[in-house]
Every structure is written in C-alpha cells, then in structure tokens.
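# An overview of the molecular structure
For reference, the chains in residue letters:
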Amino acid sequence: MNNRVVSEKPQAVYFYGTCLVDLFYPQAGISAIELLRREGVSVIYPQSQTCCGQPAWNSGYRDEALAVARAQLALFPRPIPVIIPSASCAGMMKVHYPALFRGQSDEATALNVAGRVYELTAFLVDVLDMRLTDLGDPVSVVVHTSCSARRELGVGDKLHTLLRQLRNVEILEPENSAECCGFGGTFAIKQPEISAAMTREKAATVRATGAQRLVSQDCGCLMNIGGAMEKQNQAMPGQHIAELLWERTKK
Amino acid sequence: MTTDFRSNVAQALKQDAVQTHFRTVVDRLRAHRQAALAGDAAFEQLRNRCAAIRADAIRRLPQLLEQFESKAQRNGIQVHWAETTLQANRIVLDIMQRHRATFLVKGKSMVSEEMGVNAFLQSHGIDCLETDLGEFIVQLAGEKPAHIIVPAIHKNRREIAHLMHGHFSELPYSEDIETLAQSARHFMRDKFHAASVGLTGVNFMVAETGTLCLVENEGNGRMCSTVPPVHIAVTGIEKVIARLDDLPPLLNLLTRSATGQPITAYVNMINSPRRPDDKDGPDEVHLILLDNGRSRIAGDPELLKTLHCIRCGACINHCPVYRQIGGHAYGTVIPGPIGAILEPQKQGLDAATGELPQASTLCGACAEVCPVRIPIPAIINRLRWESVRKNQQSQNSRPVVPGAGSRRRPLEAAIWKIWAWCCSHPGIYNRLTKLATRLRNRLPAGMGAWTVARKAPKPARSTLHESLRTMDIDHE
C-alpha cells in the first residue's frame, strides 16, 4: 500500500462520488462532502464524472474499462487529493489504474491520479485527523468492513477509528467478519447461486448481532447485504459511514 | 461428477449438511493456521524470503531442472521426463511391467491425481492402493479428493465408519477415529510388504543436491518409498528449488500454512536408491517429471507466478467460495482459488474449467494468506480478460493461454460496449441516471439473478450530480 500521506491538510480536494452513490446513495456523497467542508477543506465535484470502470475491468473487458477510466482521468488536473467514498472504487483507481494504463500514452497521468486517490475514511483519519463529538441518541451499529478496505487498501480499521469517537454508538462485529459478503460486482450476476449463499450467510451473521443499523465504507456491500435482509423481510437500515458520521455530529 | 461448474454448484448448494460440514472444517483449518502464526513477528519476512526463493526457482526453471537432473542421476535416481500425463502414465506402466508388478501402493500425490494414474493402471490390470488415510477413504468411496491437503474433507466420521465397515465387514462397526485408523493401518501393513512398487509425490526437488523432499504425517509416504524394491516419485517440473538452504524456510511456511503444524511428523529426504550400507530402501528410485502445460505457463511473466505455489491449501481454506461449495464442484484435480487459476491455464479457457476464473468475488482472502504471495486475484483478472479478449488469430503466434477469446459472447460484448459508451459520455450518463430516478417507483421488482436472493435497489429521488448542483461547491 503506497497510501502517500499528505503531510499538511490540503486546502481543496476533488470528490469522486462513484456511480453507485450517484444513483442509489447520494446522501452518502453529500454527507462526505459536508464532513470534508467542516474540516476546512473545499470540495470540487467534477460534474463530468461517471464510473471508475471497475465493472468492465473485473469482467475482462479491458478496452471498455480503459475508455471509461480515461474519461475520468481528465477530471483531476490540479495536484490535489481525489477523495472517494468507496474502498472498492478507490482501489480501482489507486491499485488497478496503473495496471490498466500500463503502456498507454496517458500512463503517467494515470499514475499521477492513482497516487492522489484516497478512500474517504482513510483521508478523514490519516490526513485530516478528524475529531468528532457525538450528538446523537444511543444506537448500536454492526460494521461490515469491505474486502477492498480490509485487504486491497489496508484501511479497514479507519472506520472503527472514526466510530469509536462517538460515545453513544455501540460497535458490533458480525461473526466471521473478514469474510466477503458475496457481492463481487458482476460475480453476483455470473454466479448467482454462490453469491446468494454467501450473502445469506453474511446477512444472518449481521442480523445475529442484534444491531439497529448496518454500517460500511462501501455501498456495494450495503446494497447486497441490505437487499438480502429486505428480501427475507428482516430489513436492517444500512448506512454509509459518512452518512452516519454527519447525521450524528452536525450541529 | 459432471464437469459443468454451474450445475455442480447447484448440486453442492442443495446439500445443506455438506455445506455446514465444509464450513465447520475450513473454519477449523483457518483457526489452526492462525494459532500457528500468532506472535510470530518474523512471519512476513519469512513470506518474503520464500516468495523470493520460489520466484528465483521458476525464473531459472530450465537451468535448475538440468542441474537437478544431473545431480539426481549421479546419485542413482533414474529421471524420466513426461510432456503429457499420458506419457507419465506410460512410464509408470513400463516400470511396473518390467518388474512384473501387478500391484502399486501409493502415497498421497496430487500429480498422480492429475495423471489419473489409478484408472490408467487399472485399465492395464494393475491395482493401486491409496495408503494416505484420507486418500484411502476417498478411494473406498469411489470419489476424488475434495481438498489437496485433506482429501476426505467432505466426509464426516459416520460416513467414514460406514465406508470402512462396508469394505471390511469382518471388523466391528466403530466411529472411534483411533479404531478406524488402526483398522486401516492393519490392513495396509501387509500391502506395503507385498507390493513391489511404491509411488509417491514430491514436495520439493533440490537442484544443488538432487534430493527429493516429501512431507507427510502418517508414515505411509516413507513406507511407500522405502519398503517396496522400486520407488516411483512423480512431480510437476515447478517443484524444483535451487539450494538445500531454501528448504527449511519453505517447510516452515508450508506446514504452518497448511495445517498449522510447526513441522510434519515425517520429513523424507530421498537422495538415492539403497546403498550397500543402508538398512532399508528401494533398489531403484525413479522420478517422473511432468510438464503438462507448466513450461508454457512459465513463459508468461505474469502467469508464471501460478507456478510459485507450494500446495499448502491455505487459499482453499480461506476462500469464501470454496467454503460454500466444497471441492468437488470445481470439477478439477486442484480446487479453490489456486485451482481456479491453474486448471484453466492447463486445460484451456474453452474447457469446462474455463468457467473457474468467474468463481471469485476478488475478495483477496487467497492472496492475503498465500505464503509465497501469489497474486491470485490479479491472475483471475488476467484470465477473465484472456477469456473474452478479441481473437488474436491474425497474429501467427499461439495464444499464451489455450482457448483465449473462446468465452467472448456477442451479446455480452455489445452490452459492455454500450455501457462504456454511456459512461464515457457524461451527458448520456446523466440523462440515463436522471431517467432512472424518475422511474424509481416503476422499475421492475425482479432483476434477474440479483433478485433471487435480494430486493432490487431503488434509485434515489435525485442523483448526487443533481443534488450537488444546488449546493455551493465548485463543479469545475
């Protein structure tokens, strides 16, 4: 992990919302931006952003992934951090763009952008050293750390660092917490039976904690686990970490 | 066993008891590994060292194999090269026939499974007896191993008791593990003495000394390699390492990653046939070196990492997919993540096993535990690309991976093209996402494979793009 830590707090950052947040979880994006701005960081949201290209990359369609990724590269000309409220998409840009753009004419730009990418919670903790005061009512949350945060980026603990500052939040871990939730992007469509079996087991362990809410740094996992619990008529509200943090600390 | 992955999976997932059993056993194996690594601050350095040892060995594969061959031959080991499994089987048969042997005792060997040597010899009137307890159980059941370290991982104690009782009806029925093991042991003892040929696998070949190293826990490997007058060792060419000094760190890492043991009960170092002063040992030692696609894999700078594998099974034990479906569903000799990258490269992406690179969420658990740091998810990604890449027929060179491009479907390819076009045209993308938000209450509840186990997600009232237009931020 070459999570290059910016020694000083930057004045401005780019915010890359991700397509999933854009369409299904905009509140996560808005909350993340509010958190950043409260820390005195101004946020630039390039309106031409779409998707990082990960679905095609993981499905073997490299030309298509490259076309989409290339359209994103142009969005971050200034030498400031790119903040992404998803470890999965941050991992795509940080870890996989260098491989995707290898040998391409814009490889240098891709490497430059990859070097500036931060997953949101890692940025809030490592760069901004964000301090939080809990203003909310007591609540118990079960944490699902995404595989990308835990293993690909090695930032799985940042979510806990933030949550532990909230005195009225009880943090619960599901049994077998390091196990993948079974989403895996197009895996859920290509291997629906295995995906369903994994998701059901994850949903069961999440539910068994008895928590009031499910929290993650990745909306893909929330959509998957939350969708499974809903299907079983045992819905548990799922929230992106940014949304929970903003909701409980805004004045 | 069928070879169609999807139907194997459906079958495996129908059997709740099997699934529960698998989960319990792999969780135990994970815990054993965890306990064996606990408090070892130098573990990551050990991994680095072993990864470097394996990378160096595969990089210098032809040279090390030649060195090994000349050392082993000087020690009196007869070295045979087999490009295909058929050639390897024929070499075994030839040795057996020269000794007029009609019976073979076998130690555990995944390469012998790859060769299908049991079936081959049987078709020539030669019986094989698996002497590793797990393999023995699998053989009694007429099945294949479901795991590379724990072949009978899919069998519970009661099933094993019934199997043993069915085959040795003179023995009283027992579910006691010690009793079952003793019964098998008793049965095998005579067979070791009766057999004129024993066959085993190999864990490592040491180039500088010509030594074969074989680790095991039951002593059956030692019996197979010392009691019969002829010992045949079979192995893949990638098992070579340069130096004897490379062995201790690799063994240390192998056993702890596999079963959590600090060392196996037996570590066999085989240098030669019986020498005049030796108390035991075979008169002849043969080594069959099987290629079967390995040298082709070694030719690609990324894919060759597949050959670094030391067959510990840690990736299998930590794979959430394996945990759900078990070993047989893969329809391969080697299951789990390492099987999912190795088998398609050997058999081709157009074979049934070509589906296996899809059997991963890319969660990274395999790479996290791999003792020699094989980047399994990256190789899966590469193979997915190879599966659907446009045909390279215009070039004269043969594809690096057999069957490359064979899984490209026109409809799927078209969908990705359209997707890419939309996502690289922000105006189109925004119009589509906006449309989805407007139709949020009218979208179908059923969304194919997704909604089998989940409710369909509902688009938000307005997209993040839209919401932020009214927020006081810089849109650049």
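Just so you know, these numbers come straight off a predicted model, no measurement behind them. (Residues numbered from 1 in each chain as written. Chains lettered and ligands numbered in written order. Predicted model: local features only at pLDDT ≥ 70, side-chain atom pairs only at ≥ 80, totals over all residues. Heavy atoms only, no water.)

## Focus on the overall build of chain A
- Helix and strand content of chain A: 13 helices and eight strands.
- Against the compact-globule benchmark of 18 Å for 251 residues, chain A has a radius of gyration of 18 Å, which places it among compact chains.
- In terms of its C-alpha atoms, chain A occupies a principal-axis envelope of roughly 50 × 45 × 30 Å.
- Considering only intrachain contacts with a sequence separation of at least 6, the fraction spanning at least 24 residues in chain A is 79%.
- Looking at chain A as shown, the accessible area adds up to about 8700 Å², and 49% of this sits on carbon and sulfur atoms.
- Taken as two groups, the 25 positive and 25 negative side-chain charges of chain A have centres that lie 3 Å from each other. (Helix = DSSP H or I, 4+ residues; strand = E, 2+ residues; numbered from the N terminus. Rg over C-alpha atoms; globule rule 2.2 N^0.38 Å. Contact = heavy atoms within 4.5 Å. Areas by Shrake-Rupley, 256 points an atom, 1.4 Å probe, with all protein chains shown as cover. Lys, Arg positive; Asp, Glu negative; His and termini not counted. Charge placed at Lys NZ, Arg CZ, Asp CG, Glu CD.)

## Describing the overall build of chain B
- A tally of helices and strands in chain B yields 21 helices and 10 strands.
- Principal axes of the C-alpha set define a box for chain B whose edges measure 90 × 55 × 50 Å.
- Each of the 476 residues in chain B was classed as buried or not, and the buried ones make up 56%.
- Accessible area for chain B stands at about 20600 Å²; split by element, carbon and sulfur atoms hold 53% of it.
- Separation between the mean location of the 58 positive side-chain charges and that of the 47 negative ones in chain B comes to 8 Å. (Buried < 20%, exposed > 50% of the residue type's maximum accessible area, 1.4 Å probe, protein only.)

## Points about the interface of chain B and chain A
- The partner chain A presents 71 residues to the 69 residues of chain B that form the contact.
- Carbon and sulfur atoms make up 59% of the area that chain B and chain A hide from each other, which totals about 5900 Å².
- Sorting the residues of chain B by area buried against chain A places W416, R454 and L464 of chain B first, and these three jointly supply 12% of that buried surface.
- The interface formed by chain B and chain A contains nine salt bridges.
- One salt bridge connects D63 of chain A with K390 of chain B, and the closest N-O pair in it is separated by 3.7 Å.
- The set of elements that each furnish at least two residues to the side of chain B that touches chain A consists of helix 1 (5-14), helix 2 (16-37), helix 15 (320-325), helix 17 (365-369), helix 18 (376-388), helix 19 (410-423), helix 20 (426-438) and helix 21 (464-469) of chain B.
- With seven residues, helix 19 of chain B is the largest single contributor of residues to the side of chain B that touches chain A.
- Class assignment of the residues belonging to the side of chain B that touches chain A gives a composition of 31 nonpolar, 17 polar and 21 charged. (Buried area = accessible area lost by both parts, 1.4 Å probe. Salt bridge = Lys/Arg side-chain N within 4 Å of Asp/Glu carboxyl O. Nonpolar A, V, L, I, M, F, W, Y, C, P; charged D, E, K, R; others polar.)

## Things to note about the sheet that holds strand 2 (residues 42-44) of chain A
All names here are of chain A.
- Judged by pairing direction, the sheet is parallel, and its four strands sit side by side in the order 2-1-3-4 without closing on themselves. Two strands in the sheet have a free side with no partner beyond their single neighbour: strand 2 and strand 4 (117-119). Sheet twist, expressed as the mean angle between neighbouring strand axes with direction ignored, is 35°.
- In the packing of helix 2 (residues 26-38) onto the sheet, the strands contacted are strand 1 (12-15), strand 2 and strand 3 (82-84), and the crossing angle to strand 1 comes to about 175°. (Pairing = 2+ DSSP bridges. Axes fitted to C-alpha atoms, helices over the stretch in contact; angles between N-to-C directions.)

## Some details on the pattern of salt bridges
- According to the stated counting rule, one finds 37 salt bridges over all chains in the structure shown.
- Among the salt bridges present, the one from D40 of chain B reaches R256 of chain B, with a minimum N-O distance of 2.9 Å. Of this pair, D40 of chain B sits in the loop between helix 2 and helix 3 (43-59) while R256 of chain B sits in helix 12 (residues 247-258); the two residues are 216 residues apart in sequence, bridging distant segments of the chain.
- Between R311 of chain B and E238 of chain B there is a salt bridge, and its shortest N-O distance comes to 3.4 Å. With R311 of chain B in the loop between helix 13 (294-297) and helix 14 (314-318) and E238 of chain B in the loop between strand 7 (230-236) and strand 8 (240-241), this residue pair connects regions lying 73 residues apart in the sequence.
- Owing to a relative accessible area of 14%, R311 of chain B belongs among the buried residues under this scheme.
- Connected via shared salt-bridge partners are E179 and E201 of chain A together with R23, D27, R30 and R323 of chain B.

## Considerations on the pairing of strand 6 (residues 211-216) of chain B
Residue and element names in this part refer to chain B.
- Burial within strand 6 is extensive, with six of its six residues counted as buried.
- Relative to strand 9 (residues 266-270), strand 6 runs antiparallel, the two being bridged by five bridges. Bridging across to strand 9, L214 finds its partner in N268.

## What about the domain arrangement of chain A?
Residues and elements named next belong to chain A.
- Here the domain parsing of chain A yields domain 1 (12-127) and domain 2 (139-249).
- In this assembly, 30 residues from domain 1 lie in contact with 24 residues from domain 2.
- Note on domain 1 versus domain 2: buried area summed over both sides is about 2100 Å², and carbon and sulfur give 69% of it.
- In this structure, the connection of domain 1 to domain 2 is made through one salt bridge.
- Here domain 1 and domain 2 share nine residue pairs in polar contact (both at pLDDT 80 or more) between them.
- For the side of domain 1 that touches domain 2, the secondary-structure elements that each account for two or more residues are helix 1 (19-23), helix 2, helix 3 (54-59), helix 5 (87-100) and helix 7 (120-127).
- In terms of residue count, the dominant contributor to the side of domain 1 that touches domain 2 is helix 5 (eight residues).
- Per-class residue counts for the side of domain 1 that touches domain 2 are 17 nonpolar, eight polar and five charged. (Domains from an automatic or database assignment. Polar contact = N/O pair within 3.5 Å; in protein donor to acceptor, adjacent residues only side chain to side chain.)

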